[in-house]
Amino acid sequence: MGVVEKATEYHLGLLKAKLARYRQQLLEPTTKSGPAGTGFDVQKSGDARVALIGFPSVGKSTLLSKLTHTQSEAAAYEFTTLTAIPGVLEYKGARIQLLDLPGIVEGASQGRGRGRQVVSTAKTADVILIMLDATKSDEQRRLLEHELDAVGIRLNKSKPDVVFKKRTTGGFNSTVKLTKTDEKTIRTILAGYKLHNCDVMIREDITTDEFIDVLIGNRKYIPCIYVYNKIDSISLEQVDKIARSPQSLVISCEMGLNLEYLVSRIWEELSMVKIYTKKRGAHPDLDDPVCLRKGSTIETVCNSIHRSLAPNFRYALVWGKSSKFSPHAQKVSLTHAVQDEDVVSIFTK
């Protein structure tokens, strides 16, 4: 970097940090104002939540009704769905909540329209499906990504490896060479947030933007699949090109093409764990698995069966991949992490 470049990078960093802070205040006001009970929030149900996001009339409502047998007021013109409509998709014994969010209109992240609520609901999703019209330009995709980015949703990214602690004295360490930002910029951003004393440990080559993300801390890193609908209206070459691009797949809601593959991809992205329960002296119940997120423990299993189990827990027996003595059972505590298709027996006091 030249001297001028460095100075520009430095001032840009400052400006971005300020912008990010104002934007956060705009989107998540600390004081509640506005009419009470405009009823937008959707009760979270099922084992996981998938949000459908897209411009009006890309076929979100049609997809929802095809996959979940839910009726949404859909017409063949723009702006039809006005509230979030949930549907439940049953797959491999799991109940996945599919949420058709109202078409995000450009500028929703600035708080116009229903955009703000749409976005905060999208933040609770485990996977986001961005639905696009294959007959229109890629501008749609760019706009939606930009909207989601502006409200702190990062698609298909993992959290930057930065550890950050408030201290009475401060230190700055990076275990890698920073090529996209520098210590001065980072220190200035910290000062802008009135954080003069803190420990920062950076373990990957991050950009200034990524550092601001860590600092604000309310960013959500969510896997996303780009779903291109209406492929019956474009050429085969285009279908082939879209289908080969990363994290993208092609469907036609009207013709019912490729929908099974879409469901299996959603399942893959959710990376859920199925646990079978077993009563003492009985065979495991293979018809009604408990579906949990990856990284779940025996405690999670207890809570999803009944809330009285964990407080009275004595021990559990686990058969399957997570058992050290597989194919035999292992006696485990509440903190034991379970794996897909484990069989669990819980013993209480």
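Owing to the predicted nature of the structure, the values given are computational and were not obtained by experimental measurement. (Residues numbered from 1 in each chain as written. Predicted model: local features only at pLDDT ≥ 70, side-chain atom pairs only at ≥ 80, totals over all residues. Heavy atoms only, no water.)

Thoughts on the overall build of the protein chain
Reasoning step 1: Counting its secondary structure elements, the protein chain contains nine helices and 16 strands.
Reasoning step 2: Scored against the burial criterion, the 349 residues of the protein chain give a buried share of 44%. (Helix = DSSP H or I, 4+ residues; strand = E, 2+ residues; numbered from the N terminus. Buried < 20%, exposed > 50% of the residue type's maximum accessible area, 1.4 Å probe, protein only.)

Here's the deal with the sheet that holds strand S14 (residues 313-319)
Reasoning step 1: The sheet built from five strands is open, its strands ordered S13-S12-S16-S14-S15 with mixed pairing. Edge strands, defined here as strands with exactly one partner in the open sheet, are strand S13 (290-293) and strand S15 (330-332). The average undirected angle you get between the axes of adjacent strands in this sheet is 35°.
Reasoning step 2: Inspection of the sheet shows S14 paired to strand S16 (residues 342-348) by six bridges, in the antiparallel sense. (Pairing = 2+ DSSP bridges. Axes fitted to C-alpha atoms, helices over the stretch in contact; angles between N-to-C directions.)

Looking at the environment of Ser-65
Reasoning step 1: The topology assignment puts Ser-65 in helix H2 (residues 60-68).
Reasoning step 2: Along the primary structure Ser-65 and Gly-87 are separated by 22 residues, whereas in three dimensions their C-alpha atoms are 7.9 Å apart.
Reasoning step 3: Among the polar contacts listed, one links the side chain of Ser-65 to the backbone oxygen of Thr-62, at a separation of 3.0 Å. (Polar contact = N/O pair within 3.5 Å; in protein donor to acceptor, adjacent residues only side chain to side chain.)

Some words on the packing of helix H5 (residues 183-192) against helix H6 (residues 208-216)
Reasoning step 1: Interhelical geometry of H5 versus H6 gives an angle of 35° and a closest axis separation of 11 Å. Relative to H6, H5 is oriented so that their crossing is right-handed. Across the interface between the two elements, Thr-185, Ile-186, Ile-189 and Leu-190 from H5 touch Thr-208, Phe-211, Ile-212 and Leu-215 from H6.
Reasoning step 2: Classifying every residue of the contact of H5 with H6 by side-chain character gives six nonpolar, two polar and no charged. (Left-handed = near helix turned anticlockwise from the far one by under 90°. Contact = heavy atoms within 4.5 Å. Nonpolar A, V, L, I, M, F, W, Y, C, P; charged D, E, K, R; others polar.)

Considering H6
Reasoning step 1: Counting buried positions along H6 yields seven of nine residues, so the element is predominantly enclosed.
Reasoning step 2: All of the buried residues along H6 are Thr-208, Phe-211, Ile-212, Asp-213, Val-214, Leu-215 and Ile-216.
Reasoning step 3: Positive phi appears at Gly-217, one or two residues downstream of H6, with a value of about 75°.

Here's the deal with the environment of Pro-223
Reasoning step 1: Positionally, Pro-223 belongs in the loop between strand S9 (220-222) and strand S10 (224-229).
Reasoning step 2: You can call Pro-223 partly exposed: its relative accessible area is 23%.
Reasoning step 3: The sequence separation of Pro-223 and Ile-128 amounts to 95 residues, and the corresponding C-alpha distance is 6.4 Å.
Reasoning step 4: Among all residues touching Pro-223, those that are not within four sequence positions of it are Asp-126, Val-127, Ile-128, Asn-156 and Glu-269.

Let's talk about the packing of H2 against helix H8 (residues 259-270)
Reasoning step 1: For the pair H2 and H8, the least separation of the axes is 11 Å and the interaxial angle reads 85°. By the criterion of interaxial angle, the relationship of H2 to H8 is roughly perpendicular. Across the interface between the two elements, Leu-63, Lys-66 and Leu-67 of H2 pack against Leu-259, Leu-262 and Val-263 of H8. (Parallel < 35°, antiparallel > 145°, perpendicular 65-115°, else oblique.)

Thoughts on the nonpolar core
Reasoning step 1: Membership of the largest hydrophobic core comes to 53 residues, with the highest contact counts inside it found for Leu-63, Ile-128, Leu-129, Ile-130, Ile-251 and Leu-262.
Reasoning step 2: Filtering out sequence-adjacent residues up to four positions away, Leu-262 remains in contact with Leu-63, Leu-67, Leu-129, Val-227, Leu-249 and Ile-251.
Reasoning step 3: Formed by 18 residues, the second largest nonpolar core is a distinct cluster that contains Ala-17, Leu-195, Ile-202 and Phe-211. (Core = buried A, V, L, I, M, F, W, Y, C linked by side-chain atoms within 4.5 Å.)

A few points about the pattern of salt bridges
Reasoning step 1: Under the definition given, this model contains 10 salt bridges.
Reasoning step 2: Across the pair Asp-213 and Arg-154 runs a salt bridge, and its minimum N-O distance is 2.6 Å. Taken as a pair, Asp-213 in helix H6 and Arg-154 in strand S5 (residues 153-155) lie far apart in primary sequence, 59 residues in all.
Reasoning step 3: On the basis of relative accessibility, which here comes to 7%, the residue Asp-213 falls in the buried class.
Reasoning step 4: On the basis of relative accessible area, Arg-154 is assigned to the buried category, the value being 7%. (Salt bridge = Lys/Arg side-chain N within 4 Å of Asp/Glu carboxyl O.)

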